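# Architecture and fold: a report
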Amino acid sequence: MTQQQLNLTIRLTSGRRFTLTANTSPVTSSTTIATLKSAIEAQTAAIADMESISAQNQRLVYKGRIMSDDGRTLGDYGVVDGGIVYLVKGGAKTGAGAAGGSGSGVAAGTATGSTGAAAVTASGTTAAAGMAEPSPMARLQ
């Protein structure tokens, strides 16, 4: 059975967009995310006034879902013909540091009904600003 070629619009955070078609970079539902990233890198390099974005610096999003596993296919993420894939330029993934393994940094966010900022200390523990630390007795209950 022949896979249907997908025409995908790639949209950058700057608002610029380009289309991957069967003529420029043939992709199907069985194309891996790594292959798609390589096709995007080649396409951005071919556009005269566009900065080339290397595959390892690309973060791809489809229908609000980050396509982070380079070994999965477009079909795994439900990408269809005519779909729009958002391209966000990010830092290159590294070994332990990719998941925040360095042990320092600041993260702000919302956690299940409570808000505040959490700071990760050099020892790897988390201290929350604006949230009271539960007493030792409350932890046991």
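Notes on the structure in this doc start here. (Residues numbered from 1 in each chain as written. Predicted model: local features only at pLDDT ≥ 70, side-chain atom pairs only at ≥ 80, totals over all residues. Heavy atoms only, no water.)

### Brief notes about the sheet that holds strand β2 (residues 17–20)
Across the sheet, which stays open at both edges, the five strands sit in the order β2-β1-β5-β3-β4 with mixed pairing between neighbours. Lying at the two open borders of the sheet, with one neighbouring strand each, are β2 and β4 (65–66). Relative to β2, strand β1 (residues 8–12) runs antiparallel, the two being bridged by four bridges. The residue of β2 that forms the bridge with T9 is T19. (Pairing = 2+ DSSP bridges. Helix = DSSP H or I, 4+ residues; strand = E, 2+ residues; numbered from the N terminus.)

### Section: the environment of Q3
In this structure, Q3 sits in the segment before β1. Classification of Q3 by relative accessible area gives partly exposed; the value is 33%. Residues Q3 and S30, 27 residues apart in the sequence, show an inter-C-alpha distance of 7.8 Å. Other than its neighbours up to four places away in sequence, Q3 contacts T28, S29 and S30. (Buried < 20%, exposed > 50% of the residue type's maximum accessible area, 1.4 Å probe, protein only. Contact = heavy atoms within 4.5 Å.)

### Describing helix α1 (residues 33–46)
Given a rise of 1.5 Å per residue, 14 residues ought to cover 20 Å, and the 20 Å separating the end C-alpha atoms of α1 matches this to within 8%. Listed as buried for α1 are I33, L36, K37, A39, I40, Q43 and T44. When α1 is viewed along its axis, its buried side chains cluster within an angular range of 160° and face the same direction. Across α1 from its buried face, at more than 90 degrees, point the exposed residues A45 and A46. (Expected span 1.5 Å × (residues − 1). Arc of directions from axis to C-beta.)

### Let's talk about the packing of aromatic side chains
Summed over all chains, the structure comprises zero aromatic pairs. A cation over an aromatic ring shows up here: R72 above the ring of Y77, its NZ or CZ 4.6 Å from the ring centre. (Phe/Tyr/Trp six-rings, centres within 6.5 Å; stacked < 30°, edge-to-face > 60°. Lys NZ or Arg CZ within 6 Å of the ring centre and 35° of its normal.)

### Quick word on the side chain of S25
Looking at the secondary structure, you find S25 in the loop between β2 and α1. Each residue touching S25, except ones within four places of it in the same chain, is listed here: L20, A39 and Q43.

### Remarks on the pattern of salt bridges
Using the criterion set out here, one finds four salt bridges in the structure. Across the pair D49 and R16 runs a salt bridge, and its minimum N-O distance is 3.4 Å. With D49 in the loop between α1 and β3 (58–62) and R16 in the loop between β1 and β2, this residue pair connects regions lying 33 residues apart in the sequence. Among the residues examined, D49 registers a relative accessible area of 61% and is labelled exposed. Classification of R16 as partly exposed rests on a relative accessible area of 32%. (Salt bridge = Lys/Arg side-chain N within 4 Å of Asp/Glu carboxyl O.)

### Examining the pairing of β3
The buried fraction of β3 is high, at four of five residues. The pairing of β3 with strand β5 (residues 84–89) spans four bridges and is classified as antiparallel. When the sheet's bridge partners are listed, L60 is paired in β5 with L87. Bridge count between β3 and β4: two bridges; the pairing is antiparallel. Its bridge partner being in β4, Y62 is matched across the sheet by R65. The loop that links β3 with its antiparallel partner β4 comprises two residues; one of these, K63, has a positive phi angle of about 50°.

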